[in-house]
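This is what each chain is made of:
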Amino acid sequence: MGSTLAIILGIFAYYQLTHVKVPDFKSKEISEVRTWASDSDVKIEVEQEYNFDEEVNRVISQDFPANKKIRKGKILTVTGSLGANPEDKIALANFAEMTKGEATKWIEEKKAENITLIENYDDKIKTGTFIKQEFANKELKAEDYQRKDRMMLYYSKGKEVFEKNIEVLEFKGKPLTEVEAWAKKNEAKLKVEKDFSNTVAEGTVISQEIAKGKKIAKDEVLVLHVSKGKAIEVPDYSQYTRDEASAIEAKIPVVIKSLYSDSVPYGQFISQSVEAGKQYNETDTIPTITVVYSEGQPYMKDLRGSTSEGDLPKHFFDEYQSKGVSIYYSVYYVDSAETKGTVVEMSTYGQFISSGSTVSIGISLGNLTNAVPDNVTPDPGLPDEGRGEQPAGEPIE
């Protein structure tokens, strides 16, 4: 009996020495299983699969029962989690109606680890409020979103508040370039308003709207008034006659014109194309200013005997159309001893006429003769009809 008991105890001791109890590794880290296996002289094989409920690298299952003993040197196979399947489609929430906290909770619940929350300062949107969402893949549609796809959610941090720690210096009389260098170094904001000055050189600070010694924050704006140099000012030509306007010495190009007017007397100012007092810098592109004075009411000269039909278009354009008034003419032809094509009759001449008027002009056909007997000397004191001229015929229809 003693020998039998010794054998039994020996076998038991041997079993204890060659076997080890397997723990329950479910939900444990794979690294913890490997440590136990190394200490217990058990070989480990790890298989992996996607699992929504277990975190990455945690045990889903094991092929040997927990709390049972396994022989040392044997293989224990455990299945580890790869986490949630990245190929799973996820129905995206309406993040525009969610706060940042609600969006964070949704991401954790859906294990949508490729969604990144980004907070930006925004002067108009209150803290924690949705701003926008963007997919890394610009062509991706929301209904096709998968867990593996990257997306950014932007939420507001509200208005950024800066400390008033920038001391304003005295900038009056300083070059603008010097102030800009100071602003860049101190991360200050500048707003430059340029004004003409007869005393301050171009590019130099005239004044500042925040006094020296005051402190400002980075988001405050320091307004500077900077010189544009001396102004080139458009004269008020209504104060000058045409001759005086032509004699003005200015750096502004000007064209002086005369136009007929039914309402403005001769010689008086009518208009200028750029308003009086407008100022330009010497480096500006200054437009040519057109100044108009009145030629008064149009006057119809007597063209009879001195003008041919071919001269009429030029005469009416030069005398009227080019001076801003529309005077029209019509021609008819009459029997006459005057040279063919000469103006011999006019419905209106030697008087002022209104814009839009039409003058009827009779043109000689040159088909009559003015015969005088050889033995008769015309008396220069007699009227034309006494010289035997034929009266001008009626207009030819």
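Residues numbered from 1 in each chain as written. Predicted model: local features only at pLDDT ≥ 70, side-chain atom pairs only at ≥ 80, totals over all residues. Heavy atoms only, no water.

**Concerning the overall build of the protein**
Regarding its fold elements, the protein presents six helices and 23 strands. In terms of its C-alpha atoms, the protein occupies a principal-axis envelope of roughly 195 × 65 × 30 Å. Here the protein holds 397 residues, and the buried ones make up 30% of them. Here the contacts in the protein between residues at least 6 apart in sequence split such that 71% fall between residues at least 24 apart. Of the accessible surface of the protein, which amounts to about 25,100 Å², a share of 48% is contributed by carbon and sulfur atoms. Distance between charge centres in the protein, computed from 50 positive and 65 negative side chains, equals 17 Å. (Helix = DSSP H or I, 4+ residues; strand = E, 2+ residues; numbered from the N terminus. Buried < 20%, exposed > 50% of the residue type's maximum accessible area, 1.4 Å probe, protein only. Contact = heavy atoms within 4.5 Å. Areas by Shrake-Rupley, 256 points an atom, 1.4 Å probe, with all protein chains shown as cover. Lys, Arg positive; Asp, Glu negative; His and termini not counted. Charge placed at Lys NZ, Arg CZ, Asp CG, Glu CD.)

**Some thoughts on the packing of aromatic side chains**
Summed over all chains, the structure comprises ten aromatic pairs. With 5.2 Å between their ring centres and 75 degrees between their planes, Tyr299 and Phe352 make a pair best called edge-to-face. Pair noted here: Tyr299 is in strand β19 (residues 299-300) and Phe352 is in strand β22 (residues 351-352), with a separation of 53 residues, a long-range link. Taking the centre distance of 5.6 Å and the plane angle of 50 degrees together, the rings of Phe316 and Tyr320 count as tilted. Comparing Phe316 with Tyr320, the two get one shared label, buried. The positively charged end of Lys111 is found above the aromatic ring belonging to Phe52, 4.9 Å away from the centroid. The positively charged end of Lys132 is found above the aromatic ring belonging to Tyr154, 4.9 Å away from the centroid. (Phe/Tyr/Trp six-rings, centres within 6.5 Å; stacked < 30°, edge-to-face > 60°. Lys NZ or Arg CZ within 6 Å of the ring centre and 35° of its normal.)

**Things to note about the nonpolar core**
If you look at soluble globular proteins, the nonpolar side chains tend to sit buried side by side. Phe95, Trp106, Ile115 and Leu153 are the most contacted members of the largest nonpolar core, which totals 16 residues. Looking at this core, the elements that each hand over two or more residues are α3 (100-110), β7 (130-135) and β8 (151-156). (Core = buried A, V, L, I, M, F, W, Y, C linked by side-chain atoms within 4.5 Å.)

**Some details on the pattern of salt bridges**
For the structure shown, the criterion picks out 13 salt bridges. Here Glu193 and Lys191 are joined by a salt bridge, their closest N and O atoms 3.8 Å apart. Judged by its relative accessible area of 29%, Glu193 is partly exposed. According to the relative accessible area criterion, Lys191 is partly exposed, its value standing at 45%. Sharing partners across several salt bridges, the network here consists of Glu29, Glu55 and Arg58. (Salt bridge = Lys/Arg side-chain N within 4 Å of Asp/Glu carboxyl O.)

**Focus on the confidence of the model for the protein**
Chain-level statistics for the protein give a pLDDT mean of 88 and a share of 93% at 70 or above. Every residue in residues 381-397 scores below 50 in pLDDT, and together they form 24 contacts with partners more than four places removed in sequence or on other chains. (pLDDT = per-residue confidence, 0-100.)

**Regarding helix α4 (residues 176-186)**
Among the residues of α4, Leu176, Val179, Trp182 and Ala183 are the ones counted as buried. The buried side chains of α4 occupy one side of the element, clustering within an arc of 120 degrees when seen end-on. Across from the buried face of α4, at angles greater than 90 degrees, the exposed residues are Thr177, Lys184 and Lys185. In this structure, the buried residues of α4 make contact with β9 (166-167), β10 (189-195), β11 (205-208) and β13 (221-227). (Arc of directions from axis to C-beta.)

**Remarks on unusual backbone geometry**
A positive phi is found at Asp41, a non-glycine position, where the angle reads about 60 degrees. For Asp41, the position within the fold is in the loop between α2 (30-40) and β2 (43-49). Its identity as a non-glycine residue notwithstanding, Asn67 has a phi of 70 degrees, on the positive side. Secondary-structure assignment places Asn67 in the loop between β3 (59-62) and β4 (69-71).

**Some words on the sheet that holds strand β18 (residues 289-294)**
With respect to topology, three strands assemble into an open sheet ordered β15-β18-β16, the strand pairing being mixed. In this open sheet, the two edge strands, each paired with only one partner strand, are β15 (254-259) and β16 (269-272). Taken pair by pair, the neighbouring strands of this sheet meet at an average axis angle of 20 degrees, ignoring direction. Across six bridges, β15 lies against β18 in parallel orientation. (Pairing = 2+ DSSP bridges. Axes fitted to C-alpha atoms, helices over the stretch in contact; angles between N-to-C directions.)

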